[in-house]
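What follows is each chain in one-letter form.
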Amino acid sequence: MALVEVRDLVKVFPLGESVFGGGAERHVRAVDGVSLEIEAGETLGLVGESGSGKSTLGRLMLRLIEPTSGSVRFDGADVLAARGGELRRLRRDMQIVFQDPFASLDPRMTVEQAVSEPLVIHENAGRGRRRERAAELLRAVGMEESALARYPHEFSGGQRQRIAIARALALKPRFLVADEPVSSLDVSVGAQIVNLLARLQREFGLTLLFISHSLPVVRYLATRIAVMHAGHIVETGPAERLTSAPEHPYTRSLLAATPEIGLTT
């Protein structure tokens, strides 16, 4: 049984009236009738150019934004119908790593406060337990416990993204959306983060949705790939097959346009 099921998902954003006036209100269908499933323990790569709707789809799955229509189910539960305590429980199991590590961390919080904040909200854990857990999470992402007392501005982009990943893992989620987590980093640092995510997926038994515009990066990390274009999923398949023998012209153009990136296990 799939852990995450999306059926006929649509998100329409209003653009307002024409700048020339007199016209009807315009809309953009960022996600247009998307259906897909993600199996437990699977890494699904979602790839497409900027503006294809892939980040919007990831946020819809977590209900960070509300869809126009369609359904999202997590482990059989209707995510869009959940309210109150049920939605709060779902939030524990569904987390996200955002694209920009410079914007996703509160500059006024120490690393300890940022990483342990989910424990304050969801578990009301004591200070000692929060600090212990934050230190464990930092070690899991390759950072020292000494970072706990420092602030985000004291770290590089790659280190900040490691901190953001640690925070996302604080509640031991089952499903993690990684929304272009390396696109704002240079190639060598991005490769380190991709390798880190691959290791954490195995160690934590995560189900992972990895969103990217780079097919070579997605191929390295994902077991299966979905290609998104103009709000639609145009092709899905096993990573090896889709990157070696793509069927859709858009997939072939993406593959041709993206250079290979050196990644090692």
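The paragraphs below set out a description of the structure included in this document. (Residues numbered from 1 in each chain as written. Predicted model: local features only at pLDDT ≥ 70, side-chain atom pairs only at ≥ 80, totals over all residues. Heavy atoms only, no water.)

### A look at the pattern of salt bridges
Now for step 1: Applying the stated criterion across every chain, the model contains 18 salt bridges.
Now for step 2: In this structure, Glu112 and Arg131 form a salt bridge, with 2.6 Å as the shortest nitrogen-oxygen distance. Of the two residues, Glu112 sits in helix H3 (residues 111–122) while Arg131 sits in helix H4 (residues 127–140), which places them 19 residues apart along the sequence.
Now for step 3: Look at Glu112 and you get buried, because its relative accessible area is 7%.
Now for step 4: Linking Glu145 and Arg139 is a salt bridge whose minimum nitrogen-to-oxygen distance equals 3.6 Å.
Now for step 5: For Glu145, a relative accessible area of 38% gives the class partly exposed.
Now for step 6: Among the ionic contacts, a cluster of salt bridges with common partners joins Glu112, Arg127 and Arg131. (Salt bridge = Lys/Arg side-chain N within 4 Å of Asp/Glu carboxyl O. Helix = DSSP H or I, 4+ residues; strand = E, 2+ residues; numbered from the N terminus. Buried < 20%, exposed > 50% of the residue type's maximum accessible area, 1.4 Å probe, protein only.)

### A closer look at the packing of H3 against helix H5 (residues 157–168)
Now for step 1: At a minimum axis distance of 7 Å, the contact between H3 and H5 shows a crossing angle of 30°. By the angle between their directions, the pair H3 and H5 is classed as roughly parallel. In this structure, H3 uses Val111, Ala114, Val115 and Pro118 to contact H5, whose residues at the interface are Ile163, Ala166 and Arg167. (Axes fitted to C-alpha atoms, helices over the stretch in contact; angles between N-to-C directions. Parallel < 35°, antiparallel > 145°, perpendicular 65-115°, else oblique. Contact = heavy atoms within 4.5 Å.)

### Section: unusual backbone geometry
Now for step 1: At Asp8, a position not held by glycine, the phi torsion is positive, near 50°.
Now for step 2: Structurally, Asp8 is set in strand S1 (residues 2–16).
Now for step 3: Look at Glu180: it is not a glycine, yet its phi comes out positive at around 45°.
Now for step 4: Structurally, Glu180 is set in the loop between strand S7 (175–179) and helix H6 (187–204).
Now for step 5: Residue class for Glu180 comes out buried when judged on its relative accessible area of 8%.

### As for H6
Now for step 1: The terminal C-alpha atoms of H6 lie 25 Å apart, and with 18 residues this matches the ideal 26 Å at 1.5 Å per residue to within 8%.
Now for step 2: Of all the positions in H6, only Gly190, Ala191, Ile193, Val194, Leu196, Leu197, Ala198, Leu200 and Gln201 are classed as buried.
Now for step 3: Turning to H6, the residues buried within the fold contact strand S3 (43–47), H4, H5, S7, strand S8 (207–212) and helix H7 (215–221). (Expected span 1.5 Å × (residues − 1).)

### Structural notes on the packing of H5 against H6
Angle between the axes and distance between the axes: these two values describe a pair of packed helices.
Now for step 1: Running from amino to carboxyl end, H5 crosses H6 at an angle of 20°, the nearest separation of the two axes being 10 Å. Taken together, H5 and H6 sit at an angle that is classed as roughly parallel. Between H5 and H6 lies a crossing whose hand is right-handed. Along its contact with H5, which presents Gly158, Gln161, Arg162 and Ile165, the element H6 presents Val189, Gln192, Ile193, Leu196, Leu197 and Leu200. (Left-handed = near helix turned anticlockwise from the far one by under 90°.)

### Structural notes on the nonpolar core
Now for step 1: Formed by 46 residues in total, the largest nonpolar core has its most connected members in Leu138, Ile163, Ile165, Phe210 and Ile225.
Now for step 2: Considering each element in turn, this core owes the most residues, 6 residues, to H6.
Now for step 3: Ignoring sequence-local partners within four residues, the contact set of Leu138 consists of Val111, Met143, Glu144, Ala147, Leu148, Ile163 and Ala166.
Now for step 4: Counting residues in hydrophobic clusters, the runner-up holds 29 residues, among them Leu46, Met61, Phe74 and Ile211. (Core = buried A, V, L, I, M, F, W, Y, C linked by side-chain atoms within 4.5 Å.)

### Some details on the side chain of Arg130
Now for step 1: Structurally, Arg130 can be placed in helix H4.
Now for step 2: Comment: no salt bridge for buried Arg130; closest opposite-charge side chain is Glu112, at 6.1 Å.
Now for step 3: Discounting chain neighbours no more than four positions away, the residues touching Arg130 are Ser116, Leu119, Val120 and Ala125. (Lys, Arg positive; Asp, Glu negative; His and termini not counted.)

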